[in-house]
Structure formats: structure tokens, C-alpha cells
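Structural characterization, general
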Amino acid sequence: MNNETPNAAGHADQDRYQLRPVIWGSVDAELVKEIRFRVFVDEQKVPAELELDETDSTAFHVLATDKSGEPCGTGRLYVDPENAQHAKIGRMAVLAQHRGGGCGRAILAALIDEARRCGYSVAILSAQTHALPFYEKFGFASDGPEYLDAGIPHRTMLMTL
Ligand code: COA
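Overview of the structure. The model shown is predicted, which means the values in this text are computed figures rather than measured ones. (Residues numbered from 1 in each chain as written. Predicted model: local features only at pLDDT ≥ 70, side-chain atom pairs only at ≥ 80, totals over all residues. Heavy atoms only, no water.)

**Overview of the pattern of salt bridges**
- In total, this model carries 11 salt bridges according to the counting rule given.
- One salt bridge in this structure joins lysine 33 and glutamate 30, with 3.0 Å as the shortest N-O distance. Here the residue lysine 33 and the residue glutamate 30 both occupy positions in helix α2 (residues 27-43), the gap between them amounting to three residues, near one helical turn.
- Relative accessible area serves as the criterion here: at 43%, glutamate 30 is assigned to the partly exposed category. (Salt bridge = Lys/Arg side-chain N within 4 Å of Asp/Glu carboxyl O. Helix = DSSP H or I, 4+ residues; strand = E, 2+ residues; numbered from the N terminus. Buried < 20%, exposed > 50% of the residue type's maximum accessible area, 1.4 Å probe, protein only.)

Here is the structure:
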């Protein structure tokens, strides 16, 4: 996948990580599920029954691998059920040992590029509050108050595409 969203470290991220779209039901989808379970269920203690949902079968998913081909992160994009002009980004997850090296940035850039390519006007996401600065670096802005989802504090964030 081409990663066209400009950011300070964009070129370095492309050298470090490969991103590929994932068809739900494929072998790669099992890798995506494993990353999400390790991050959200094992690490963040989200109930396992909440992790996979009906959106997965229709969402656009990406899998990030490092230079050696090891899976390290994932994220998904889908149309906002409340507004067909809005693309929702979610399930952003980078394995703990791969954090801080630009993997999350590469995944988010790929999802934003896909949202632009599809013609959405706005990207929207539910950010865990600890990750607000990560999304702000891309131009997302918080919208509305903090709320709990699966027991974790979140805020809605938006970015015009
Ligand atoms: N708080 C503040 N800044 C953060 C941050 C955080 N939690 N996570 C990343 N950043 C910053 C980095 O310092 C970096 O800044 P720089 O461009 O100035 O160098 C930039 O954001 C990109 O960071 P990157 O290394 O690409 O992020 P990552 O690979 O560690 O992935 C997450 C970020 C949030 C996806 C990852 O920490 C993660 O999977 N966390 C657990 C699951 C989770 O909380 N997902 C988000 C749900 S909303």
C-alpha cells in the first residue's frame, strides 16, 4: 500500500513498516484478530466477547508488518452508520514491543489515505484518552465530553479530510 498522508516521519515509517489490506476470513484476518486480542483483551482487559463485531466483515482492515515480516499492528475503517459522509477509524492496535517506532502512525496514515480515496469528508474516531496526543498529531480534534466504553475513558475526535 502507498502511504500518501504527509507527516514529518512518513518516509521513515514506509521504510520500517509494510501495510497491506486484509480480507476478513483470510489468513491475514487471523493475524489481525490475534493482535487485537493481545492488545485489547489481554492487555487492556476488554471483555473478549466485545472484541469482534459485525462491522469486521465489511470494514477495511490493514495489517502492518515490520521489515522481517512480523505482524505488529492493525486498524480498521468503515462508514459511520450515523452519517454516510463520515469514515470511522477504530481498533487501532500496535503490539506493545513495537510501540513508539512509527507503526501506529503508518497505520493511521494508511486509513486516512483510504478514507480520502473513498471520498469521505470527515474521519471520526473514539479515542482512548491516553491516545489523544497521538491523534492530535494528525490533525484530529476532540469533540464532546469524555465517556466510558468497555470501562475505558474515551473522547470522540474528528478530522476534516
Ligand atoms: N501519548 C502521547 N503520544 C503518543 C502516544 C500516547 N499514548 N502514542 C504515540 N504517541 C506519539 C509518539 O510519540 C509519536 O510522536 P512523534 O511523531 O512526535 O514521534 C507519534 O504519536 C506516533 O507514534 P507511533 O510510534 O506511530 O505510535 P505507536 O506505534 O506506539 O501506536 C497506539 C500508538 C496508540 C496505536 C499504540 O500505543 C497502541 O496500540 N496502544 C494500545 C491500544 C490503544 O490504546 N489503541 C488506541 C485506541 S483509541
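From this point on, the discussion continues.
**Topic: the side chain of aspartate 80**
- Turning to its location among the elements, aspartate 80 is positioned in strand β3 (residues 71-80).
- It is lysine 88 that comes nearest to the buried, bridge-free aspartate 80 among opposite-charge side chains, at 4.6 Å. (Lys, Arg positive; Asp, Glu negative; His and termini not counted.)

**Remarks on the state of the cysteines**
- Here the structure, examined in full by the defined rule, presents zero disulfides.
- With no disulfide of its own, cysteine 72 has cysteine 103 as its nearest cysteine by sulfur position, at a separation of 3.8 Å. (Disulfide = S-S within 2.5 Å.)

**Here we look at the site of the ligand**
- Neighbouring residues of the ligand: 21 residues in total, closest Met92, Val94, Gly104, Arg105 and His130.
- Glutamine 44 has a polar side-chain atom sitting 3.2 Å from an oxygen atom of the ligand.
- Between glycine 102 and the ligand, the recorded distance is 2.9 Å, taken from a backbone N or O atom to an oxygen atom.
- In isolation the ligand exposes 910 Å². Once the protein is present, 75% of that is buried. (Near = heavy atom within 4 Å. Polar contact = N/O pair within 3.5 Å; in protein donor to acceptor, adjacent residues only side chain to side chain. Areas by Shrake-Rupley, 256 points an atom, 1.4 Å probe, with all protein chains shown as cover.)

**Remarks on the pairing of strand β7 (residues 152-160)**
- As paired elements, strand β5 (residues 122-128) and β7 share seven bridges and run antiparallel to each other. If you follow valine 122 over to β7, its bridge partner there is threonine 160.
- Inspection of the sheet shows strand β6 (residues 141-149) paired to β7 by six bridges, in the antiparallel sense. Residue pairing in the sheet places alanine 141 in a bridge with leucine 158 of β7.
- Adjacent in sequence and paired antiparallel, β6 and β7 are bridged by two residues, among which alanine 150 carries a positive phi angle near 50 degrees. (Pairing = 2+ DSSP bridges.)

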